[in-house]
Amino acid sequence: MATATLLLPARSRFPAAPLPDDVARALGRAERRSVEAGERAQLRRHFQAQPDAWSAAALTRQLDVGDADGAVWLRADPANVVPDMHGARLMGHGDTLRPDLADVMHLLPALQPLFAGYGFVLDAPVPSRWYLRLPAGTTLPVFAEPDEVLGDDLFAHLPEGDAGRRWRALLTEAQVVLHQHARNQQRVADGKRAINSLWFWGGGELPERVTTAHAQVRSRDALLQALAKAAGLQADGEQTVDALVDLRQLRSLEQLGNEAIRPLLAAIARGELTRLVLDFEDGTCVEIDKGQRWRFWKKPVQLHDT
């Protein structure tokens, strides 16, 4: 028997509309608990690393190239910033900017000498994921993840103090290089946002070991794929094994209820599935199993009910 775990966005990302009746009844009879909120905490519920602090840059580098061991890595992803009255806002990064190989071939040679002066190597094995290879033992400040900064004041999220001074200066210099580059004029003419900044994040070394209780992970997210690979899991496999299914991109309550949850409730009723876990980024965790069908006195619960 297997458990299916759905990795879901915060409940606030869904509209306040009613769920299908059978789904609402199942939620009303389910076990519900509160856990730590946030994207990183959500992933840590399903993956454990040794040492404990993992680096998104090192993990995705290992996924992309396989050469992450023995160095410190930092993501330096392509970004778009828009100035406003109070500074500048991060309006796009990575995949959202649809960078391509031509962008890499034009922009990286202009940026690489800037970082080489500090002993850093900049490359981009994937057009949306740019990396800085730093010497082993390099100490890094804390960088904000891009999704935390998106739409917000860029400068409010830059690393502070002496540890962050070099990185603030590097970001400014990189923005000057990118702002003046002709490739960005071509991108704008093609209807794309300019790549006029970078965003540093995810720094650190490759963990020695990653473990998980799941036997399979299904996700299009690079970090989740990297964690699964580090834990020795295959991307595809038998449907009957314990699986973690990444649905954090969902925003439709109809899709969540009818296409994601209802088929799994039917699998529980048929005895093909032991348990269904709904793990929301806001720290709500719902566990459903077949034995709960006898809790007929429990009232139906909607997604946003506490």
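See the structure above.
It should be emphasised that the depicted structure is a prediction, and the values quoted were computed from it without experimental measurement.

(A) Spatial organisation of the packing of aromatic side chains. What the rule picks out here adds up to seven aromatic pairs. Ring centres of F143 and W167 lie 5.7 Å apart, and the angle between their planes is 90°; on these two criteria the pair is classed as edge-to-face. With F143 in the loop between β7 (129-134) and α5 (146-149) and W167 in helix α6 (residues 161-179), this residue pair connects regions lying 24 residues apart in the sequence. Overall, the relative accessible area of 12% leaves F143 in the buried class. Exposure remark for W167: the relative accessible area of 2% places this residue in the buried category. Judged by centre distance (5.2 Å) and plane angle (70°), the rings of W167 and F200 are edge-to-face.

(B) Summary view of the sheet that holds strand β12 (residues 275-280). Strand order across the open sheet formed by six strands is β2-β13-β12-β1-β11-β10, with mixed pairing between neighbours. Here the strands that pair on one side only, and so sit at the sheet edges, are β2 (31-34) and β10 (216-218). Along the sheet, successive strands turn relative to each other by an average axial angle of 15°, direction set aside. Where β10 lies against strand β11 (residues 243-246), three bridges are found, and the strand directions are parallel. Bridge pairing in β11 places R218 opposite V245.

(C) Region of interest: the side chain of D77. Tracing the backbone through its elements, the reader meets D77 in strand β4 (residues 72-84). A relative accessible area of 2% means that D77 is categorised as buried. A polar contact is formed between the side chain of D77 and the backbone nitrogen of W130, at a distance of 3.2 Å. Here W201 takes part through its side chain, which lies 2.9 Å from a polar atom of the side chain of D77. Look past the residues within four positions of D77 in its chain and what remains in contact with it is S128, R129, W130, S197, L198, W199 and W201.

(D) Quick peek at the packing of helix α4 (residues 101-116) against α6. The geometry of α4 relative to α6 is characterised by a closest axis approach of 10 Å and an angle of 150° between their N-to-C directions. Relative to α6, the element α4 is oriented roughly antiparallel. Considering how the two elements wind past one another, α4 and α6 form a crossing that is right-handed. Residue-level contacts link L107, A110, L111, L114 and F115 of α4 to L170, E173, A174, V177 and L178 of α6. Split into classes, the residues belonging to the contact of α4 with α6 amount to nine nonpolar, no polar and one charged.

(E) Fine view of the nonpolar core. Judged by nonpolar contacts, the single largest core of 51 residues is most densely connected at F115, W130, L132, W167, L198, F200 and L227. Excluding residues that lie within four positions of it along the chain, L198 makes contacts with A76, D77, P78, A79, L111, F115, W130, L171, A174 and L178. Residues V245, I261, L273 and V286 belong to the second largest nonpolar core, which totals 30 residues.

(F) Highlighting helix α3 (residues 56-64). Three or more residues of α3 are buried, namely A56, A57, A58, L59, T60 and R61. The positive-phi residue at the C-terminal boundary of α3 is G66, with phi of around 85°.

(G) Representation of the pattern of salt bridges in the model. Counted under the stated rule, the structure contains 23 salt bridges. Between E287 and R33 there is a salt bridge, and its shortest N-O distance comes to 3.2 Å. With E287 in strand β13 (residues 284-289) and R33 in strand β2, this pair connects stretches of sequence that are 254 residues apart. Taken together, the shared-partner salt bridges connect D100, D103, R183, R187 and K192 into one network.

(H) Local environment of the layout of surface pockets. Its volume calculated, the largest pocket comes out at about 1,100 Å³. As for the largest pocket, its lining consists of 31 residues, and the residues nearest its centre are E39, H93, D147, D221 and R248. Broken down by element, the lining of the largest pocket gets its largest block of residues, three residues, from α5. Tallied by class, the residues present in the lining of the largest pocket amount to six nonpolar, eight polar and 17 charged. Estimated volume of the second largest pocket: approximately 520 Å³. W54, S55, G202, G203 and G204 are, among the 22 residues lining the second largest pocket, the residues nearest its centre. Only α2 (39-44) and β8 (197-204) provide two or more residues apiece to the lining of the second largest pocket. With three residues, β8 is the largest single contributor of residues to the lining of the second largest pocket. The residue makeup of the lining of the second largest pocket, split by class, is eleven nonpolar, five polar and six charged.

About the thresholds
Along each chain, residue indices are assigned from 1 in the same order as the chain's sequence is written. Per-residue local features are limited, in this predicted model, to residues with pLDDT of at least 70; the limit for side-chain atom pairs, both in listing and counting, is 80 or more; totals at the level of whole chains, interfaces and linings are taken over all residues. Calculated side-chain values reflect all of the structure's heavy atoms, with hydrogen atoms and water omitted. Classification of ring pairs rests on two measures: the distance between centres of Phe, Tyr or Trp rings, Trp counted by its six-membered ring, which must be within 6.5 Å, and the angle between planes, read as stacked under 30 degrees, edge-to-face over 60 and tilted in between. Strands are runs of DSSP state E lasting at least 2 residues, helices are runs of H or I lasting at least 4, and numbering of each runs from the N terminus. The rule is simple: take the accessible area with a 1.4 Å probe, protein chains only, and divide by the maximum for that residue type; under 20% is buried, over 50% is exposed, in between is partly exposed. Pairing between two strands is assigned when DSSP locates at least 2 bridges connecting them. Between N-to-C directions, angles cover 0 to 180 degrees, with each direction set by a line fitted to C-alpha atoms, over the stretch in contact for helices. Pairs of N or O atoms within 3.5 Å make up the polar contacts considered here, provided that, within protein, one atom can donate a hydrogen while the other can accept it, and that residues adjacent in sequence are counted only when both atoms are side-chain atoms. Two residues form a contact once any of their heavy atoms are found within 4.5 Å. Our angle categories are set so that under 35 degrees counts as roughly parallel, over 145 as roughly antiparallel, 65 to 115 as roughly perpendicular, and the remainder as oblique. Left-handed describes a crossing whose near helix is turned anticlockwise from the far helix through less than a right angle; right-handed describes the clockwise counterpart. Throughout this entry, Asp, Glu, Lys and Arg are counted as charged residues, while Ala, Val, Leu, Ile, Met, Phe, Trp, Tyr, Cys and Pro are counted as nonpolar. The remaining residues, Gly among them, count as polar. Definition used in this section: a nonpolar core is a set of buried Ala, Val, Leu, Ile, Met, Phe, Trp, Tyr and Cys residues joined via side-chain atoms within 4.5 Å. Here, a salt bridge means any Lys or Arg side-chain nitrogen found within 4 Å of an Asp or Glu carboxyl oxygen. Cavities and pockets were defined on a 1 Å grid built from protein atoms only: a cavity is a group of points that admits a 1.4 Å probe but offers it no way out, a pocket is an open group of points flanked by protein on both sides within 12 Å along at least five of seven lines, and a lining residue is one with an atom within 4 Å of any such point. Grid points are joined across faces, edges and corners, and a volume is the space filled by probe spheres set on the points.

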